[in-house]
Amino acid sequence: MSDCVIFQERTTKNGMKIGHATLNRPSALNALNMDMIQVLMPQLLAWQQSADICMVILDGAGEKGLCAGGDVVAMHNAMASNPKTMPASLQTFFSEEYQLDFLIHTYAKPFVVWGAGIVMGGGMGLMNGGSHRIVTDTSRLAMPEINIGLYPDVGGSWFLNHMPPGCGVFLGMTGASMNASDALYVNMADYFIPNDLKNQWLTRLEDLPWSQDRAANDDQLSVLCADLHQQQQDLLPQSKVQALQDDLSALASETTAAGVAKRILALNADDDKWLDKAQKTLQAGSPISASLVFKQLQNGRNLTLAQCFEMELIMSCRCGEFGEFQEGVRALLVDKDHQPKWRYATIDSVPNETMQWFFDSPWQDNTHPLRHLGKE
């Protein structure tokens, strides 16, 4: 269990230490499971309390990615064993995952996430909370839950709402992948540093004059990252999302999920393989998921980060109970027949009362598992 995340402490030139956590399931693209969460949480808390630790780095083992998401096959098996109920293991997993994400968002020291390679689903939850989020030439970010009957959780209600107009609902409904430039544009990353400069970056980190002053530490880390970003920005790819911004802004004025989907599908995808794939994903994806994306962003618009995670735990547990999530994972990752039998044929055929049920808490007042989030 303990080797699913590798922990080391790098000693800096002036004797302080950098906590370095590496997700270590490269054969599973570092997909996040309960064991990883349960070793990460106490170590991050310990580093946060340690006067010797000046900052923390989170990255992924192997060449392929930071983290490809959560271990949804294990969730499928739990749902299949407990049909039409909310499996306790799902509630526990989502509750602990969201607490980990919230800790990263609110961490008391600089927290760098090195987002190389695949960063999807649960990986986006880890990435988005960092104080300094780095993308590379290999970065591919996405929230592809529409493929499996889920929705963009792990704080998606927060970070999709903090993107330029229309971008969040587009990326959530289509599962479209983002390159480094896209991630910078939509506020999912702060700096671009090519992957082959990682060792140079680490060496320069260790040479900085670290202290116990959070603001000074943040500033010098930002200067270092910005310097490498500035030197390498000619290598940035063209942003697919930014090029569509005028069209995406129009999505923000739509008042229904079906209206948003109609606009997305009407976009001209001639000679644009990326947009064509995004449209096909939306067409083939779960109408429940598309509806959830729209409603979560509406509901989350005026919520705090902690309230977003509270809402998402309700939604995720309801997804575990409803059956659409189980069917989506079955079709894509278990049987791999790619023929999901979605509950509804179209987005506009999803009943309003069904959609509301996903937001109705299964817990009595004051018993929500995340009710203390942000209040300690």
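Residues numbered from 1 in each chain as written. Predicted model: local features only at pLDDT ≥ 70, side-chain atom pairs only at ≥ 80, totals over all residues. Heavy atoms only, no water.

## Quick word on the side chain of T281
Inclusion rule: Put simply, DSSP marks the helices as runs of H or I at least four residues long and the strands as runs of E at least two long, and each gets a number from the N terminus on. Pairs of residues are marked as contacts when any of their non-hydrogen atoms sit within 4.5 Å.
Its location among the elements puts T281 in helix 13 (residues 273–284). Non-local contacts of T281, meaning those with residues more than four positions away in its chain, are made with I146, N147 and T174.

## Observations regarding the sheet that holds strand 4 (residues 65–67)
Hydrogen bonds along the backbone pair up the strands of a sheet, which may run parallel or antiparallel. Going by this rule: Note: two strands are recorded as paired if DSSP finds a minimum of 2 bridges between them. Axes, fitted as lines to C-alpha atoms, cover a helix only where it is in contact. Angles between the N-to-C directions of the axes lie from 0 to 180 degrees.
Sheet architecture is open: three strands sit in the order 4-6-8, paired in parallel fashion. Both edges of this open sheet fall to strand 4 and strand 8 (140–142), since each of them pairs with a single strand only. Looking at each pair of strands side by side, their axes are set apart by 15° on average, direction ignored. In the sheet, strand 4 pairs with strand 6 (residues 118–120) via two bridges, with the strands oriented parallel. Considered in strand 6, the bridge of C67 is made with V119.

## A look at helix 8 (residues 198–207)
Where we set the bar: Per-residue accessibility, obtained with a 1.4 Å probe over protein chains only, is compared with the maximum for each type, and a residue is labelled buried under 20%, exposed over 50%, and partly exposed between these values. Each C-beta atom gives one direction from the helix axis, and the arc is the one those directions make.
Among the residues making up helix 8, those that are buried are K198, W201, L202 and L205. The arc enclosing the buried residues of helix 8, seen along the axis, measures out at 100°, which places them on a common side. Contacts made by the buried residues of helix 8 are with strand 1 (5–11), strand 2 (17–23), strand 3 (53–60), strand 5 (111–115), strand 7 (132–135) and helix 9 (214–232).

## With respect to the state of the cysteines
Counted only if it meets this: The disulfide criterion is simple: two cysteine sulfur atoms within 2.5 Å.
The tally for this structure, following the rule as stated, stands at zero disulfides. Between C225, a free cysteine, and C54, which holds the nearest cysteine sulfur, the sulfur-to-sulfur gap is 13 Å. Since its relative accessible area comes to 0%, C225 is described here as buried. C317 supplies the cysteine sulfur nearest to C319, a cysteine that is in no disulfide, at a spacing of 9.2 Å.

## Considerations on the pairing of strand 3
Definition in use: The crossover handedness rule: strands pointing away from the viewer, path from first strand over the helix to second strand clockwise, crossover right-handed.
A large share of strand 3 lies buried, amounting to eight of its eight residues. Examined bridge by bridge, strand 2 and strand 3 share seven bridges and lie parallel to one another. Looking at strand 3, one finds that A21 is bridged to L58. Regarding the hand of the β-α-β motif, the stretch spanning strand 2, helix 1 (residues 34–49) and strand 3 is right-handed. Pairing analysis gives three bridges linking strand 3 to strand 5, with the strands arranged parallel. Its bridge partner lying in strand 5, V56 is registered against F111.

## Comments concerning the sheet that holds strand 2
Spatial strand order, 1-2-3-5-7-9: six strands in an open sheet with mixed pairing. Each edge of the open sheet is held by one strand with a lone partner, namely strand 1 and strand 9 (191–192). Running over the sheet, helix 1 touches strand 1, strand 2, strand 3 and strand 5 and is turned about 20° from strand 1.

## Considerations on the side chain of H132
This is how the line gets drawn: Residues adjacent in sequence count toward polar contacts only when both atoms are side-chain atoms; beyond that, a polar contact is any pair of N or O atoms within 3.5 Å, and within protein one must be able to donate a hydrogen and the other to accept it.
Relative to the helices and strands, H132 resides in strand 7. At 2.8 Å, the side chain of H132 forms a polar contact with the side chain of S131.

Fair warning: the whole summary comes from geometry, so function is off the table for now.
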